[in-house]
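Coordinates in review
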Amino acid sequence: MKKKRNTKNMINVNWKNRSQSYLNEMQSLLDRLQSIEDKELKKEILYKILKCDNELTILAETLFDEYYEKGKKDARKA
């Protein structure tokens, strides 16, 4: 079951764009993809890359939200 992402508690929703190493690695991957001549294979691989990236983003943002909520609860107890 997928958990709906809650971005209202996020400090910065563009957090991936601030990671130069992430951007470099993604660019390197996309550059390598350009060397594939089979257009259907290239399209399928790009789709899977973007799908995986999206799933990791949802997972990371969900964890951010959970830690944020835990931090709020812990702060109330103190």
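Shown above is the structure to which this text applies.
Let us look at the structure shown here. (Residues numbered from 1 in each chain as written. Predicted model: local features only at pLDDT ≥ 70, side-chain atom pairs only at ≥ 80, totals over all residues. Heavy atoms only, no water.)

Before going further, it helps to spend a moment on the overall build of the chain. Across its full length, the chain holds two helices and zero strands. The 78 residues of the chain split such that 15% are buried. In the chain, once contacts between residues fewer than 6 apart in sequence are set aside, the share between residues at least 24 apart is 62%. (Helix = DSSP H or I, 4+ residues; strand = E, 2+ residues; numbered from the N terminus. Buried < 20%, exposed > 50% of the residue type's maximum accessible area, 1.4 Å probe, protein only. Contact = heavy atoms within 4.5 Å.)

Evaluated as defined, the whole model comprises two salt bridges. The salt bridge involving Glu-69 is made with Lys-72; its shortest N-O contact spans 3.5 Å. Note that Glu-69 and Lys-72 are positioned in helix H2 (residues 39-77) at a spacing of three residues, about one turn of the helix. What makes Glu-69 partly exposed here is its relative accessible area of 29%. By relative accessible area, which is 29% here, Lys-72 ends up partly exposed. Put simply, Lys-70 and Asp-74 hold a salt bridge, and the shortest N to O gap is 2.8 Å. Taken together, the residues Lys-70 and Asp-74, both in helix H2 and four residues apart, mark about one turn of the helix. (Salt bridge = Lys/Arg side-chain N within 4 Å of Asp/Glu carboxyl O.)

A grouping of Leu-56, Leu-59, Leu-63 and Tyr-67 is seen on the molecular surface, where their side chains present a nonpolar patch of about 440 Å² in accessible area. Summarising the element assignment, Leu-56 is placed in helix H2. Residue class for Leu-56 comes out exposed when judged on its relative accessible area of 57%. (Patch = residues over 30% accessible without salt bridge, like charges linked within 9 Å, V, L, I, M, F, W, Y side chains within 5 Å. Areas by Shrake-Rupley, 256 points an atom, 1.4 Å probe, with all protein chains shown as cover.)

Okay, the packing of helix H1 (residues 20-34) against H2 next. At their nearest, the axes of H1 and H2 sit 10 Å apart, and the two run at 165° to each other. Between H1 and H2, the interaxial angle falls into the category roughly antiparallel. For the element pair H1 and H2, the recorded crossing hand is right-handed. Contacts from Tyr-22, Met-26, Leu-29, Leu-30, Leu-33 and Gln-34 in H1 reach Lys-42, Ile-45, Leu-46, Ile-49 and Asp-53 in H2. Tallied by class, the residues present in the contact of H1 with H2 amount to eight nonpolar, one polar and two charged. (Axes fitted to C-alpha atoms, helices over the stretch in contact; angles between N-to-C directions. Parallel < 35°, antiparallel > 145°, perpendicular 65-115°, else oblique. Left-handed = near helix turned anticlockwise from the far one by under 90°. Nonpolar A, V, L, I, M, F, W, Y, C, P; charged D, E, K, R; others polar.)

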